[in-house]
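Structure assessment
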Amino acid sequence: VITAWVDAPLLLSLLLAVLSRPVVHRLSPRTATPALVVAVALAALASTWGLLLLALTLVDDVPWLTHIPLIRALEGASPVPGVVADAAALVVILGLYRLGKVLRSHRLTNRAFRELCDTSSADELVVLADRAPHAVAVPGRWQRPGHIVVSSGMLSALDHDERLVLLAHERAHLRGRHHWHHVIVDAAAALNPLLSPTREAVIFLLERCADESAALAVGSRAVAARSLVRAALASTTTVSTMTTVSTGPLAFDRLNVTERVVALRAPAPPERTLVAVGVVLLGLCTTLAAGGATVSCAELFEHLLRGHV
Amino acid sequence: MARRTTKTSAGRRAAGELESEVLSALWAAPAPLTPREVQSAVSGQLAYNTVHTILTRLTDKGLVARVPLTRGAGYRPTKDAAELAADQMRAALARGSDRDAVLQRFVTSLDPVDEAALRKLLGEEPR
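What you see is a predicted model, and the numbers here were worked out from it, not measured in a lab.

Tallying secondary structure elements over chain A gives 11 helices and three strands in all. The order of α-helices and β-strands along chain A, N terminus first, is α-α-α-α-β-β-β-α-α-α-α-α-α-α. Its C-alpha atoms put chain A at 80 × 40 × 35 Å along the principal axes. Within the span of chain A, comprising 309 residues, buried residues form 54% of the whole. Long-range contacts, defined here as pairs at least 24 residues apart, represent 76% of the contacts in chain A between residues at least 6 apart. Of the roughly 13700 Å² of accessible surface on chain A, a fraction of 67% belongs to carbon and sulfur atoms. Chain A carries 27 positive and 24 negative side-chain charges, and their two centres are separated by 6 Å.

What follows is the structure, given as structure tokens:
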């Protein structure tokens, strides 16, 4: 019974991954993003907890624990095949290792960029003397406003309205605390690789959110689209001295800008709250399944305990 | 560092945002700009006095330098701070390995097919 309960979050994670694509294209990024982030976080927690319960049935193999009667009783009585429990333990350990790596890389990168911003006397905009066009949002420390780091190459590639779009876009990242959304989905995908497509969908949606609020700030979707196009073209034609502007082999990354431009040129997507609620419910289902796994695991131990006493 | 004015009226932006806007306009310009030129390069609704105040504040911070022009004074961005920042960025990038996965970039570069499509698009857009 436990295995069935643990399978559920994994299957739901797959379903979430499959659904994330249509969700990205049909929903307004403002509703889709929080829904997907919540669902992904719940699914990652539920699947990891479920796998942990499976791995827990291995306790009877730990030599220095077998003197505890309850654990000795588990010997041979465990409903989980040893191979499954071994695999679950391996996935959990790998997941935790990947989680540590992801969190560390977030921390290190942010620290490096914050140090850079701290040395600047600017309130918000930190300009880099670099001909290659790039722009990033650097989140601030706790309760502190973040910074926008832009190269001089980017600023001179854009006209006035387009620069406003750029600033509004990065500001939207900072105000919306998109950095935390990014950390959450990275952590979730590290724990449960089945959620990787959903992670990519959320990262794309964060850009879309920022694009939409930039369009709102300058009052024109067309200008926002033009700014993106010009920045992307400038990035492509200039060779960076910093080797920052690298294209990933992922098709998603490559399609990124073009898809965002297409979305901005189309009318604003509708706020389908009902669909977003459905996505969150999907995440809640994984939590229920994890609850089911916990209950059946507790019942197993209770049964063993009663049998023993 | 966050020096933000309270929003007194709709459409009035925080001081930090106006500073960013003026600073980015100065960086984008090929030559020093007079306060008047800055005023027209920035959204237009800014009062001359506001532009002047922002320029003075940026000068005090060492982000902008005042240069004498034939008529009046012009302002240009100071390169020192930006070059220092660029050096720090280079150092930071040399250390980190996974930064591409972590950073939220404005855009990524394009492959030739996308580039051609976007160029065509830009041609259609009225500037």
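Attention shifts here to unusual backbone geometry. Backbone geometry places A:Arg177, a non-glycine residue, at a positive phi of 50°. Tracing the sequence through the fold places A:Arg177 in the loop between helix H6 (160–175) and helix H7 (178–191).

So, on to the nonpolar core. If you look at the biggest cluster of nonpolar residues, it comprises 33 residues, and the most contacted ones within it are A:Val150, B:Val22, B:Leu23, B:Leu26 and B:Val38. If you list the elements that add at least two residues to this core, you get strand E1 (125–128), strand E2 (135–138), strand E3 (147–151), helix H5 (152–157) and H6 of chain A together with helix H1 (15–28) and helix H3 (48–60) of chain B. Among the elements that take part in this core, H1(B) stands out by supplying six residues, more than any other. In contact with B:Val22, not counting residues within four places along its chain, are B:Val38, B:Val42, B:Ile54, B:Leu55 and B:Leu58.

Right, let's talk about the pairing of E3(A) for a bit. All names here are of chain A. Counting buried residues along E3, five of its five residues qualify, which places the element largely inside the surrounding structure. Burial of E3 is two-sided: the residues His147, Val149 and Ser151 facing one way and the residues Ile148 and Val150 facing the other way are all buried. Judged from the four bridges that link them, E1 and E3 form a sheet pairing that is parallel. Across the sheet, the residue bridging to leucine 128 is serine 151, located in E3. Note: E2 against E3, four bridges, orientation antiparallel. The residue bridging alanine 137 from the neighbouring strand is isoleucine 148, located in E3.

This brings us to the sheet that holds E2(A). All names here are of chain A. Across the sheet, three strands lie side by side as E1-E3-E2; this open sheet has mixed pairing. Either end of the sheet is taken by a strand with one partner, and the two such strands are E1 and E2. Going across the sheet, the axis of each strand differs from the next one's by a mean of 20°, ignoring polarity. Relative to the sheet, H6 contacts E1, E2 and E3, its axis offset from that of E2 by approximately 30°.

Further remarks concern a nonpolar patch on the surface. Residue and element names in this part refer to chain A. Taken together, Leu11, Leu14 and Leu194 make up a surface patch of nonpolar side chains, about 250 Å² in accessible area. Following the sequence through the fold, leucine 11 ends up in helix H1 (residues 2–26). Given a relative accessible area of 56%, leucine 11 falls into the exposed group.

Residues and elements named next belong to chain A. When you line up the elements, histidine 147 lands in strand E3. Reaching out from histidine 147, the side chain makes a polar contact with the backbone oxygen of alanine 122 at a distance of 3.4 Å. Looking at histidine 147, its side chain comes within polar contact range of the main-chain oxygen of aspartate 123, at 3.4 Å.

Let us look at the environment of A:Glu299. Locating A:Glu299 in the fold gives a position in helix H11 (residues 273–308). Residues A:Glu299 and A:Asn256, spaced 43 residues apart in sequence, show a C-alpha to C-alpha distance of 49 Å.

Another point: the environment of A:Leu191. All names here are of chain A. As for its position among the elements, leucine 191 is in helix H7. It is 28 Å that separates the C-alpha atoms of leucine 191 and glutamate 259, two residues lying 68 residues apart in sequence. The residues touching leucine 191, leaving out its near neighbours within four places in the chain, are Thr48, Gly95, Leu96 and Leu99.

Once that is clear, we can look at H3(B). All names here are of chain B. With 13 residues, H3 extends 18 Å from end C-alpha to end C-alpha; this agrees with the ideal 18 Å at 1.5 Å per step. Buried-residue contacts for H3 involve H1, helix H2 (35–41), strand E1 (64–68) and strand E2 (73–77). A positive backbone phi angle near 80° is found at glycine 62, which sits one or two residues after H3.

What counts, and at which threshold
- Residues numbered from 1 in each chain as written.
- Chains lettered and ligands numbered in written order.
- Predicted model: local features only at pLDDT ≥ 70, side-chain atom pairs only at ≥ 80, totals over all residues.
- Heavy atoms only, no water.
- Helix = DSSP H or I, 4+ residues; strand = E, 2+ residues; numbered from the N terminus.
- Buried < 20%, exposed > 50% of the residue type's maximum accessible area, 1.4 Å probe, protein only.
- Contact = heavy atoms within 4.5 Å.
- Areas by Shrake-Rupley, 256 points an atom, 1.4 Å probe, with all protein chains shown as cover.
- Lys, Arg positive; Asp, Glu negative; His and termini not counted.
- Charge placed at Lys NZ, Arg CZ, Asp CG, Glu CD.
- Core = buried A, V, L, I, M, F, W, Y, C linked by side-chain atoms within 4.5 Å.
- Pairing = 2+ DSSP bridges.
- Axes fitted to C-alpha atoms, helices over the stretch in contact; angles between N-to-C directions.
- Patch = residues over 30% accessible without salt bridge, like charges linked within 9 Å, V, L, I, M, F, W, Y side chains within 5 Å.
- Salt bridge = Lys/Arg side-chain N within 4 Å of Asp/Glu carboxyl O.
- Polar contact = N/O pair within 3.5 Å; in protein donor to acceptor, adjacent residues only side chain to side chain.
- Expected span 1.5 Å × (residues − 1).

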